[in-house]
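# Coordinate analysis (summary)
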Amino acid sequence: MKSPEPPLKEAINYYGHKPVESIENREAKRSPGARANKARELYFEAKSSASVEFPYWYTRRWEELEGEIPIVRRGEAMKAAFEHLTPVIYPGELLVMGKAAYLRGSYPMPWLSEAFFMAAEDKLYKEAMESGKLTADSFTTVGKGGGNVTQSSGNVISIAGKFGLRKEELPILMEVAKKWKDKSVDDIGHKYEQLVPGYKEKEALMRSVICMFDSGYTLPQGREVVNFYYPLQYGIDGIIRICEEGINETAGSPGMDRIYFYHAVILMLKGLQSWIRNHAEEARFLSSLEKDEKQKQEFDEIAGRLEWLSTSRPRNFHDALQMIWIFHTAVLNEDAISGLSPGRVGQVLYPYWKRDIENGTIDREKTLELLECMRIKFTEIDCFASMGVVGGVLSGNTFNNLCIGGLKKDGTQASNELEMLIMEAGITCDTPQPTLSLLYDEKLPEEFLMKGIECTKIGTGYPAWVNNQVAMEFLLSNYGHEGMQMEEARAWSIGGCLETSPGSWMPLELDGETCWIPGGSAPATSVGVHFLSLPKLLEVTLFDGLDMRSGERIFPSHGYALNSYDELWSAFKTYFHRAVHVLTLTNNIQHDAWRKISPSLVNSMLKPDCLKNGKDIGQMGSRYNTTFNVESCGTANLVNSLASLRKNVYDDKKYSLADFRNAILANFGFKTAQETGSYSLIDQVATEDYHNWKHIHKAGLDAPKFGNDDAYVDRIMADWENWFCTMTHEFRSLYDQPLYACQISVSTHGPMGAVTMASPDGRLSGTTFSDGSVSAYPGTDRNGPYALFESASCWDHSLSQNSQMNMKIHPSVVKGREGSRKFLELIRAYMRKGGFHVQFNIVDSRMLKEAQAEPDKFRSLLVRVAGFTQYWVELGKQIQDEVISRTEYEEL
Amino acid sequence: MENNCKDCKYYLPVDVFRGMCKRDKTNIGPDHEICAKFDRLPKCKFCQKYKAEKEFLGSCLGNTIAYPDMNASKCAGFEWVR
């Protein structure tokens with residue numbers, strides 16, 4: 001019998017007028033120069049590729065030094081790995097070097113976690129044996145999905161559905177991985193986290209996907225801002241001298257632990273010097289083969305520049321840009337890292353650029369070309385991690401956030417002409433990395449803001465618009481006890497997709513002048529309890545501690561009869577508190593294992609004041625250390641569900657809680673998202689049973705929804721935020737600092753939604769949650785953007801490290817100069833209300849539908865997800881469906 | 001021992017599926033047949049100190065695990081097999 005038509009489309013109407021028939025394109029955009037265009041074409045054709053070179057040499061040297069002091073052992077291992085990396089330079093590059101010997105190269109780090117390979121050994125070997133049976137033609141299938149190697153073929157093994165590994169490297173990968181068994185951060189952390197009272201609850205939380213992943217061994221660094229001051233000011237030889245002086249001052253004296261740090265940094269830097277010189281040598285070799293005079297000259301210039309930078313501080317803008325790229329890549333090579341942000345690059349490099357412009361050694365055209373090349377290099381970065389992390393959290397993104405705007409040390413506006421060119425390069429050469437964030441402040445000039453609008457309008461999703469004053473308020477509240485004052489708060493930047501990160505002003509000397517440049521001054525600002533699924537926790541609350549998908553008991557009974565809304569709210573808070581408690585303790589142990597086994601050297605050396613203190617970031621060598629947090633996911637679904645229960649059960653008494661429980665178990669009479677293969681609510685399919693549940697489903701859907709300036713539901717949002725942002729301070733990090741709230745979903749709203757049953761707001765089983773934390777659930781914000789802003793700003797955003805709002809606007813709405821003005825006023829209105837962040841997809845949803853059906857035609861299509869921009873074809877279907885279903889504003 | 005493009009010092013890897021020739025920038029695959037300009041890249045399998053033990057695995061100096069396709073151009077101990 002044919003299933004009845006789902007009546008959902010009547011219940012969930014998109015805001016605005018019926019769109020016109022034809023697909024509206026984004027406003028015309030410009031193209032990159034020939035050099036960047038060629039490099040980007042090569043990128044589009046390249047697949048994510050893993051190699052074993054770095055882990056092989058790292059592990060080999062590590063094993064040779066059994067018994068050595070751990071941080072020195074690590075320095076030796078890193079030195080060996082860097083000096084043996086195969087240098088690779090591609091034709092036409094002006095900025096060179098990368099993580100590994102492939103364009104999109106990366107490699108596993110079994111000293112962090114080897115369990116993934118061990119568990120997959122049989123499967124990988126089987127695929128290695130069978131992959132040859134697949135013809136080369138099947139590679140074209142792999143091509144769908146951009147650069148992801150989604151299946152094994154020929155002599156290539158697919159790992160984690162993304163990375164290709166040459167078949168001949170699989171056995172050595174397994175052998176290297178085995179050497180880390182019971183020694184990796186993952187294994188050691190796991191051994192000791194079991195000592196935490198109530199540990200079994202942690203395992204249940206992970207199995208139920210109430211919590212998504214452990215940061216200690218998956219992505220122990222990142223979500224932070226690099227500081228480029230030391231290489232720019234001193235050059236590598238200069239930093240080595242600082243370390244040698246440190247050793248001379250402390251060897252044999254009390255507190256001499258410092259000498260091991262300094263010694264390890266020297267070793268690591270010697271490895272970097274070899275790595276750089278090896279590339280210089282390769283450039284000379286390529287020059288010797290080159291017949292084209294221009295290319296030959298460029299290879300020679302690259303060689304000369306690298307030879308110089310292997311010892312000395314940069315001489316000009318191009319040198320400085322190459323130098324920061326080298327150190328950015330070097331940090332990425334020391335750990336599995338996502339969200340390593342270069343920070344306010346336009347302000348760091350401005351002194352060099354201004355001088356070069358004034359003396360005529362560079363012009364704007366050449367600058368734009370270099371900046372386009374920089375965009376390509378950042379876009380090439382890949383992070384090797386397991387499928388759950390790469391796909392479920394990161395969507396393959398690496399979150400290298402470059403910030404523009406904000407304020408200078410003296411409180412005046414900080415934007416400059418180089419930042420205008422950075423935005424121009426973001427327009428002409430639209431790539432996912434580095435994503436841009438504009439630190440909005442009322443002092444920024446109109447011309448600068450309008451350039452930001454021009455960039456946003458082309459549909460890349462960047463710059464994200466971030467409230468400078470709100471961020472500084474957050475930093476002063478949370479880092480004040482570590483000595484942060486207003487002046488230093490101005491040096492902040494975004495680390496990762498949207499993590500407010502502390503910075504410092506550093507005195508760069510150039511031509512006898514002191515230029516105060518901003519840079520990061522804290523380790524990873526987003527490690528801790530990651531992520532917590534709020535709707536799933538509510539589900540467990542409603543079923544008194546049970547995960548109804550698996551039937552597993554997660555918590556003991558909460559003991560509440562749930563006879564009132566207050567009891568429901570108290571029970572939810574009890575479970576949430578309990579989850580944060582156990583996860584904080586286990587996470588602290590994992591990070592302790594990380595800092596003991598795999599201490600950071602490159603990043604520590606860069607971060608003030610590690611060199612001064614002689615301590616790495618794991619020993620609190622950084623200036624600021626209050627960096628652990630609790631991350632949430634699915635805020636709007638939690639709030640809408642609470643509103644639905646309050647309205648339907650407790651206020652109107654239309655249904656009992658048991659009615660809702662039964663409706664949830666029956667998925668309101670619908671098939672699950674897994675059955676339909678679609679993850680947005682609008683596409684779900686009803687069963688014959690639907691008529692038994694349609695009234696309660698409608699009641700859930702009709703209940704007040706966040707995002708409409710409705711006090712009934714906004715009060716629930718404010719209650720949640722005020723409680724959440726305060727309760728996190730009760731918990732202490734490894735560094736004995738209080739935790740804070742972090743509210744970005746990244747991509748977790750896909751997989752977390754997939755394992756969550758229907759929710760009382762009418763959302764169906766398996767469908768993706770709302771994104772971000774102050775975004776409305778797709779299709780439910782029906783009163784326009786200003787009503788959404790009212791709802792979103794019903795709480796003080798400076799209480800949290802961030803709040804995240806994604807909006808989708810139809811291209812026709814912001815067309816032309818008038819559209820730009822309206823668009824800027826819209827953003828300004830939100831910032832003035834205290835909104836922390838807003839970002840946009842300027843796109844016609846039907847184009848996305850078309851791209852989903854025919855991905856090959858849309859290889860270069862970019863969309864904004866939740867704090868990052870990504871190629872459409874490299875996103876999983878859960879996230880694609882969610883982006884398509886977001887409310888599309890057709891008027892402002 | 002059969003050589004192919006990935007064993008050549010003029011091979012520039014783009015990804016695991018393909019690369020280009022450093023001499024003329026033409027697209028080639030790692031497993032493609034070699035041409036007349038082939039010149040061996042230092043790899044463990046071409047090193048005197050490497051001993052093959054099983055498929056894709058061997059040892060270096062008899063005591064350290066190694067693999068035949070490792071690029072050894074930056075290995076100080078590399079010696080061409082005679």
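Please read these numbers as outputs of a predicted model, since none were measured by experiment.

## Comments concerning the packing of helix H23 (residues 534-542) of chain A against helix H27 (residues 635-651) of chain A
Residues and elements named next belong to chain A. Following both chains from N to C, one finds H23 and H27 inclined at 35°, their axes separated by 7 Å at the closest point. Along its contact with H23, which presents Leu534, Pro535 and Leu538, the element H27 presents Thr635, Asn637, Leu638 and Ser641. Partitioning the contact of H23 with H27 into residue classes produces four nonpolar, three polar and no charged.

## Thoughts on the confidence of the model for chain A
Residues and elements named next belong to chain A. Mean pLDDT over chain A: 92, with 94% of residues reaching 70 or higher. Residue range residues 1-20 is modelled with pLDDT below 50. Its contacts to residues more than four positions away, or to other chains, number 36 contacts. pLDDT under 50 marks residues 131-144. Its contacts with residues more than four places away, or in other chains, come to 20 contacts.

## Focus: the interface of chain A and chain B
Listed by partner, the interface residues are 30 residues for chain A and 20 residues for chain B. Of all the elements in the fold, those that place two or more residues in the side of chain A that touches chain B are helix H3 (53-64), helix H4 (70-84), strand E4 (163-166), helix H7 (170-179) and helix H12 (257-289) of chain A. Split into classes, the residues belonging to the side of chain A that touches chain B amount to 15 nonpolar, six polar and nine charged.

## Quick look at the domain arrangement of chain A
Residues and elements named next belong to chain A. Taken as a whole, chain A is organised into domain 1 (11-45 + 363-502 + 805-892) and domain 2 (47-194). Between domain 1 and domain 2, the contact holds 25 residues from the first and 25 residues from the second. For the side of domain 1 that touches domain 2, the secondary structure elements donating two or more residues are helix H2 (34-45), helix H17 (364-379) and helix H18 (387-394). Looking at which element gives the most residues to the side of domain 1 that touches domain 2, the answer is H2, with five residues. When the residues that make up the side of domain 1 that touches domain 2 are grouped by side-chain class, the tally is 14 nonpolar, three polar and eight charged.

## A closer look at helix H35 (residues 845-853) of chain A
Residues and elements named next belong to chain A. Of all the positions in H35, only Met847, Leu848 and Ala851 are classed as buried. Taken down its axis, H35 places every buried residue within 100° of arc, on the same side. In this structure, the buried residues of H35 make contact with helix H36 (877-885).

## Quick word on the pairing of strand E15 (residues 527-533) of chain A
All names here are of chain A. A large share of E15 lies buried, amounting to seven of its seven residues. Bridge count between strand E5 (residues 211-214) and E15: three bridges; the pairing is antiparallel. Each bridged residue has a counterpart across the sheet, and for aspartate 214 the counterpart in E15 is valine 529.

## Digging into the nonpolar core
The biggest cluster of nonpolar side chains holds 295 residues, and the ones touching the most others in it are Val265, Leu532, Leu537, Ala579 and Val639 of chain A. With sequence-adjacent residues up to four places away left out, valine 639 of chain A is seen in contact with Phe706, Val713, Ile716, Met717 and Trp720 of chain A.

## Quick notes on the sheet that holds E5 of chain A
All names here are of chain A. Ordered in space as E5-E15-E16-E17, the four strands form an open sheet in which the pairing is mixed. Edge strands, defined here as strands with exactly one partner in the open sheet, are E5 and strand E17 (740-742). Adjacent strand axes in the sheet meet at a mean angle of 25° when their direction is disregarded. Here strand E16 (residues 628-633) runs beside E17; their pairing, made up of three bridges, is parallel. In the strand pairing of E17, valine 630 is matched with alanine 741.

## Focus: unusual backbone geometry
Residue and element names in this part refer to chain A. The residue after glutamine 433, namely proline 434, is reached through a cis peptide bond having omega -15°. Positionally, proline 434 belongs in the loop between helix H19 (417-428) and strand E9 (435-440). Note that the residue after proline 608, namely aspartate 609, is joined by a cis bond; omega there is 10°. Within the secondary structure, aspartate 609 sits in the loop between helix H25 (602-606) and helix H26 (610-613). One non-glycine residue, valine 209, lies in positive phi territory at about 60°. Take valine 209: it is sitting in the loop between helix H9 (199-207) and E5. Valine 209 gets classed as buried once you count the C-beta atoms within 10 Å, which come to 23.

## Here's the deal with the packing of helix H13 (residues 293-309) of chain A against helix H14 (residues 317-332) of chain A
All names here are of chain A. Relative orientation of the contacting elements H13 and H14 amounts to 65°, with a least axis distance of 11 Å. Judged by the angle between their axes, H13 and H14 are roughly perpendicular. In this structure, the crossing between H13 and H14 has a hand that is right-handed. Across the interface between the two elements, Arg305, Trp308 and Leu309 of H13 pack against Asp319, Gln322, Met323 and Ile326 of H14. Class assignment for the residues of the contact of H13 with H14 results in four nonpolar, one polar and two charged.

## Section: the domain arrangement of chain B
Residues and elements named next belong to chain B. Partitioning chain B into domains gives domain 1 (1-41) and domain 2 (42-82). Domain 1 and domain 2 are separated by 20 Å when their C-alpha centres are compared. Looking at side-chain class alone, the side of domain 1 that touches domain 2 contains two nonpolar, no polar and two charged residues.

## Regarding the pairing of E9 of chain A
Residues and elements named next belong to chain A. In terms of burial, E9 is a largely internal element, six of the six residues being buried. Taking every second residue as pointing to the same face, both faces of E9 are buried, with Thr435, Ser437 and Leu439 on one and Leu436, Leu438 and Tyr440 on the other. With five bridges joining them, strand E8 (residues 401-405) and E9 adopt parallel strand pairing. Considered in E9, the bridge of isoleucine 404 is made with leucine 438. Assessed by its sense of winding, the connection that carries the chain from E8 through H19 to E9 is right-handed. Strand direction decides the pairing type here: E9 and strand E10 (residues 464-467), joined by four bridges, are parallel.

About the cut-offs
Residues numbered from 1 in each chain as written. Chains lettered and ligands numbered in written order. Predicted model: local features only at pLDDT ≥ 70, side-chain atom pairs only at ≥ 80, totals over all residues. Axes fitted to C-alpha atoms, helices over the stretch in contact; angles between N-to-C directions. Helix = DSSP H or I, 4+ residues; strand = E, 2+ residues; numbered from the N terminus. Contact = placed C-beta atoms within 7 Å. Nonpolar A, V, L, I, M, F, W, Y, C, P; charged D, E, K, R; others polar. pLDDT = per-residue confidence, 0-100. Domains from an automatic or database assignment. Buried ≥ 20, exposed ≤ 12 C-beta atoms within 10 Å, placed from the backbone. Arc of directions from axis to C-beta. Pairing = 2+ DSSP bridges. Core = buried A, V, L, I, M, F, W, Y, C linked by C-beta atoms within 7 Å. Parallel < 35°, antiparallel > 145°, perpendicular 65-115°, else oblique. Left-handed = near helix turned anticlockwise from the far one by under 90°. Right-handed = clockwise from strand over helix to strand, strands pointing away.

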